[in-house]
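The residues making up each chain are set out below.
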Amino acid sequence: MTYSIRPRGVCSQEMQVDVDEQGIIQDLRVIGGCSGNLQGIAVLVRGMPAKEAIERLRGIRCGFRETSCPDQFARGLEKALEQA
């Protein structure tokens, strides 16, 4: 299933994540934000259980901000999975 996440308070504008029936992340695409960092995160979470990615990325901050792109991804993915 493909989920679309609209992050708030960060530079990225949209995140699209594909999660298979077993809850494994197949792909992550991010529009906007720091391209190199977000491409790196996408590669790292590919093949990872969605719940593990949420646990690892939730709470990461970006400088003085209370959130970050990884945190927004984790929060959005968690909400998407709850609604599925």
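Basis of the calculations
Residues numbered from 1 in each chain as written. Predicted model: local features only at pLDDT ≥ 70, side-chain atom pairs only at ≥ 80, totals over all residues. Heavy atoms only, no water. Pairing = 2+ DSSP bridges. Helix = DSSP H or I, 4+ residues; strand = E, 2+ residues; numbered from the N terminus. Axes fitted to C-alpha atoms, helices over the stretch in contact; angles between N-to-C directions. Contact = heavy atoms within 4.5 Å.

Draft legend 1. Representation of the sheet that holds strand E1 (residues 2-5). Within the open sheet, the three strands sit side by side as E1-E2-E3. Their pairing is antiparallel. Pairing within the sheet leaves two strands with one partner each, and these edge strands are E1 and strand E3 (25-32). In this sheet, adjacent strand axes meet at a mean angle of 15° when their direction is disregarded. Here E1 runs beside strand E2 (residues 12-19); their pairing, made up of four bridges, is antiparallel. Across the sheet, residue Ser4 finds its bridge partner in E2, namely Gln16. Sitting on the sheet, helix H1 (residues 35-45) touches E2 and E3, and the angle it makes with E3 is about 170°.

Purely geometric numbers; function is a separate question.
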